[in-house]
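Geometric and topological summary
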Amino acid sequence: MGSPVTIFRLFRHQPCGRELLVRVKRPAASNADQGALDAADRIADAAAEHLRDQWEQRHLQDLCAHPHTSGVVAEMQEVPVGDDLFGPGRPSLALWVAQTEYGAPWAVLGTAATEAEFWQEVRLDDDLVGLGPSAPAELRHVHFLTDEDAPTVHGAA
Ligand SMILES: [Zn+2]
């Protein structure tokens, strides 16, 4: 069996540019079984879509009355920099985003007080270095939700 994978996915909403980061678990699946892998992907995708839908309905529509379209602008399936991304969701999180040599949406994400600190942590992690992240990292202010948050958090301002 492959291990469960933690997925971070950053959605950007247009036209206002508001961003939502979600953390979901992709269940363990055998690497030899493509059907099981696809099913695990669908479970993770559905969890991410659910968080996004809830956020749009309970939070975003109160902030902006206009209709929104959203797309995935960054994704990471490795362990990110900083402890904040393993904690509970929160309405405001300062997130560093670095593009990688795998192209969009694959990114290295993390929290750190400064960009220099972010890169210092990235360089200590062979898995992150292996993604080929490129400077500069961009600082984004995002709303963060996880599949482990209580439902009330999803609507918190
Ligand atoms: Zn808006």
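This text goes with the structure placed above it.
Notes on the structure in this doc start here. On a predicted model such as this, the values are computed, not experimentally measured, just so you know.

Some details on the nonpolar core
Of all hydrophobic cores here, the largest spans 36 residues; its most connected members are L21, W96, V97, V108 and L109. Mapped by element, the contributors of at least two residues to this core are β1 (5-14), β2 (19-26), α1 (34-63), β3 (69-76), β4 (90-99), β5 (107-110), α2 (115-123) and β6 (134-146). The element best represented in this core is α1, accounting for six residues. The residues touching L109, leaving out its near neighbours within four places in the chain, are F8, A74, M76, P80, L85, L95, W96 and V97.

Digging into the pairing of β4
Relative to β6, β4 runs antiparallel, the two sharing seven bridges. By the bridge assignment for β6, R90 is matched with F144.

Things to note about unusual backbone geometry
In this model, Q14 is joined to P15 through a cis peptide bond whose omega is 10°. Secondary-structure assignment places P15 in the loop between β1 and β2. Note that the residue after A135, namely P136, is joined by a cis bond; omega there is 0°. By the secondary structure assignment, P136 is in strand β6.

Some details on α2
The α-helix advances 3.6 residues per turn, and as a result positions three or four apart in sequence lie on the same side. Turning to α2, its buried residues number three or more, namely F118, W119 and V122. Buried residues of α2, viewed axially, fall in a sector of 95°; they line one side. Turned more than 90 degrees off the buried face of α2, the exposed positions are A116 and Q120. Those residues of α2 that are buried are in contact with β4, β5, α3 (126-129) and β6.

Some words on the sheet that holds β2
Within a sheet, neighbouring strands are paired by backbone hydrogen bonds and run either parallel or antiparallel to one another. Within the open sheet, the six strands sit side by side as β3-β1-β2-β6-β4-β5. Their pairing is mixed. What marks the edges here is a single partner per strand, and that holds for β3 and β5. Taken over all neighbouring pairs, the strand axes of this sheet differ in orientation by 40° on average, direction set aside. Inspection of the sheet shows β2 paired to β6 by four bridges, in the parallel sense. Across the sheet, R23 pairs through a bridge with T146, a residue of β6. Across the face of the sheet, α1 comes into contact with β1, β2, β3 and β6 while running at roughly 150° to β2. The strands touched by α2 are β4, β5 and β6; relative to β6, the strand with the most contacts, the crossing angle is about 95°.

Quick word on α1
The end-to-end C-alpha separation of α1 is 41 Å, in line with the 44 Å expected for 30 residues at 1.5 Å each. When the local axis directions of α1 are compared, the greatest deviation, roughly 45°, occurs at E56. Residues of α1 that are buried include every one of A40, A44, A47, A48, L51 and W55, and no others.

Details of the pairing of β5
With burial as the criterion, each face of β5 is covered, one bearing A107 and L109 and the other bearing V108 and G110. With four bridges joining them, β4 and β5 adopt antiparallel strand pairing. Note that in β5 the partner of Q99 across the bridge is A107.

Rules behind the numbers
Residues numbered from 1 in each chain as written. Predicted model: local features only at pLDDT ≥ 70, side-chain atom pairs only at ≥ 80, totals over all residues. Core = buried A, V, L, I, M, F, W, Y, C linked by C-beta atoms within 7 Å. Buried ≥ 20, exposed ≤ 12 C-beta atoms within 10 Å, placed from the backbone. Helix = DSSP H or I, 4+ residues; strand = E, 2+ residues; numbered from the N terminus. Contact = placed C-beta atoms within 7 Å. Pairing = 2+ DSSP bridges. Arc of directions from axis to C-beta. Axes fitted to C-alpha atoms, helices over the stretch in contact; angles between N-to-C directions. Expected span 1.5 Å × (residues − 1). Bend = angle between axes of the 7 residues up to and from the residue.

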